[in-house]
Amino acid sequence: MTEPMKKKQRREQYRQTQAEKGLGTLPRKKFYRQRAHANVFSDHNLVYPASPDHMDWSPYFPAYVADSSSSVVSQKPESSAGSHELPKNKLTKEVEVVDIGCGFGGLLVALAPALPDTLLLGMEIRTSVAEYVEHRIAALRTQNPDTGLYQNIGCLRANTMKFLPNFFRKGQLTKAFICFPDPHFKHRKHKARIVSTTLNSEYAYAIRPGGIVYTITDVEDLHNWMVAHLEAHPSFERISEDEQEADPCVEIMKTETEESKKVERNKGQKFVALFRRLEDPPW
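Described in the following lines is the structure provided in the data block. As the structure is a prediction and not an experimental result, all values here were calculated from the model. (Residues numbered from 1 in each chain as written. Predicted model: local features only at pLDDT ≥ 70, side-chain atom pairs only at ≥ 80, totals over all residues. Heavy atoms only, no water.)

This brings us to the overall build of the protein. When helices and strands are counted, the protein shows nine helices and seven strands. Burial status across the protein gives 47% buried among its 283 residues. For the protein, the share of sequence-separated contacts (at least 6 apart) that also reach a separation of at least 24 residues comes to 79%. Put simply, the protein shows about 15100 Å² of open surface, and 51% of that area lies on carbon and sulfur atoms. (Helix = DSSP H or I, 4+ residues; strand = E, 2+ residues; numbered from the N terminus. Buried < 20%, exposed > 50% of the residue type's maximum accessible area, 1.4 Å probe, protein only. Contact = heavy atoms within 4.5 Å. Areas by Shrake-Rupley, 256 points an atom, 1.4 Å probe, with all protein chains shown as cover.)

Printed below as a string of structure tokens:
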């Protein structure tokens, strides 16, 4: 069903006004809304690097470009054609934390001051939602010019189920957040769940030993599914309840995402489980 023209025109007018004003004001979420479900198996028009070495992070974290005096920060590529070139701009540090399916960016924004010395990346498959987070981050940076706040977070549009190893080298990540993922209730849709036997091996590849996978959902069946699949994987062990509750990131995850606030308003339950990446066995 096509969108009413009036609604489309309002969105276009708002985007145009935002562009004219610059990115100093926070974007309004209602002009970036998109259906909650995206087909992860579709051939979306996505930009992704040929390998982690080909990823140019400078457009996402310009404050961390190694030599900002002599380098011009790159523009984000419009197509995958240019992503096979080695980037000219290197960062002073690597991305270490990823929010898979970051939604409207609530967790990223809350974690930015909590992990000020760490680069955090949100990955979101929905075009309008990823654009909202990018504009939100740009506005927050503009509003905090002297503090350096929010320079350590970025967002890009990506299909994590297909291209995670294209962005991160082996053992690069210390934390991966999977917050309120699509439950895909129908049995034939379970293959699209973001936690699975195959995907867990990709997480194990990208996360270094000692790193943590954080999961939270309001669907008990999905919680049991994620726990069963991660516990069954030889590279992960579940973290105890005591250690889980002592982790400050857990409280942020439980309270700061848009979905967690929605669950709170509806007086629903939140099911949390954390898993530590184990050391690889000796060969």
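After that view, the rundown keeps rolling.
Following the sequence through the fold, M226 ends up in helix α6 (residues 220-232). Linking M226 and I216, residues ten residues apart in sequence, is a C-alpha distance of 9.5 Å. Setting aside residues no more than four positions away along its own chain, M226 makes contact with P181, V195, T215, T217 and F275.

Our focus in this paragraph is the packing of aromatic side chains. According to the stated counting rule, one finds eight aromatic pairs in the structure shown. Judged by centre distance (6.4 Å) and plane angle (50°), the ring pair of W57 and F61 falls under tilted. As far as burial versus exposure is concerned, W57 and F61 are alike and both buried. Geometrically, the ring pair formed by F104 and Y132 is edge-to-face, given 5.2 Å between the ring centres and 80° between the ring planes. (Phe/Tyr/Trp six-rings, centres within 6.5 Å; stacked < 30°, edge-to-face > 60°.)

A word on the packing of helix α2 (residues 106-114) against helix α8 (residues 248-255). Direction vectors running N to C along α2 and α8 enclose 150°, while the axes themselves pass 9 Å from each other. Of the possible angle classes, the one that applies to α2 and α8 is roughly antiparallel. Note on packing geometry: the crossing formed by α2 with α8 is right-handed. Contacts between α2 and α8 involve L107, A110, L111 and A114 on the former and, on the latter, C249, I252 and M253. (Axes fitted to C-alpha atoms, helices over the stretch in contact; angles between N-to-C directions. Parallel < 35°, antiparallel > 145°, perpendicular 65-115°, else oblique. Left-handed = near helix turned anticlockwise from the far one by under 90°.)

The biggest cluster of nonpolar side chains holds 40 residues, and the ones touching the most others in it are W57, F61, M123, L156, F167, F168 and Y203. The set of elements that each furnish at least two residues to this core consists of β1 (95-100), β2 (119-124), α4 (160-167), β4 (173-179), α5 (197-206), β5 (207-217), α6 and β7 (271-277). In contact with W57, other than residues within four places in its own chain, are L91, V95, L121, L156, F167 and F168. (Core = buried A, V, L, I, M, F, W, Y, C linked by side-chain atoms within 4.5 Å.)

Here α4 lies mainly inside the structure; six of its eight residues are buried. Of the surrounding elements, those touching the buried residues of α4 are β1, β2, β3 (153-157) and α5. Where α4 begins, one side-chain oxygen reaches toward the backbone nitrogen of M161, 3.2 Å away; that side chain belongs to N159. (Polar contact = N/O pair within 3.5 Å; in protein donor to acceptor, adjacent residues only side chain to side chain.)

For any two helices packed against each other, the geometry is given by the interaxial angle and the distance between the axes. Two elements in contact, α4 and α5, have axes whose closest approach is 10 Å; the angle formed by their N-to-C orientations is 20°. In this view, α4 runs roughly parallel relative to α5, as classed from their interaxial angle. Between α4 and α5 lies a crossing of left-handed hand. Contacts from T160, M161, L164 and P165 in α4 reach L199, E202, Y203 and A206 in α5. By residue class, the composition of the contact of α4 with α5 is six nonpolar, one polar and one charged. (Nonpolar A, V, L, I, M, F, W, Y, C, P; charged D, E, K, R; others polar.)

Next up on the list: a positive patch on the surface. Positive charge collects at one region of the surface, where K6, K7, R10, R28 and K30 lie side by side. With respect to the helices and strands, the residue K7 is situated in helix α1 (residues 5-21). A residue is classified by how much of its surface remains accessible, and K7, at 38% relative accessible area, is partly exposed. (Patch = residues over 30% accessible without salt bridge, like charges linked within 9 Å, V, L, I, M, F, W, Y side chains within 5 Å. Salt bridge = Lys/Arg side-chain N within 4 Å of Asp/Glu carboxyl O. Lys, Arg positive; Asp, Glu negative; His and termini not counted. Charge placed at Lys NZ, Arg CZ, Asp CG, Glu CD.)

Listing the buried residues of α8 in full gives C249, V250, I252 and M253. Looking straight down α8, one finds its buried side chains confined to an arc of 165°; they lie on one side. Here the buried face of α8 lies against α2, β4, β5, α7 (241-246), α9 (258-265) and β7. Regarding α8, its N-cap is D247, as a side-chain oxygen of that residue lies 2.9 Å from the backbone nitrogen of C249 further along. (Arc of directions from axis to C-beta.)

Our focus in this paragraph is the side chain of E124. Looking at the secondary structure, you find E124 in strand β2. Looking at E124, its side chain comes within polar contact range of the main-chain nitrogen of G103, at 2.9 Å. The residues contacting E124, other than those within four sequence positions of it, are G101, C102, G103, V129, A130, L156, R157 and A158.

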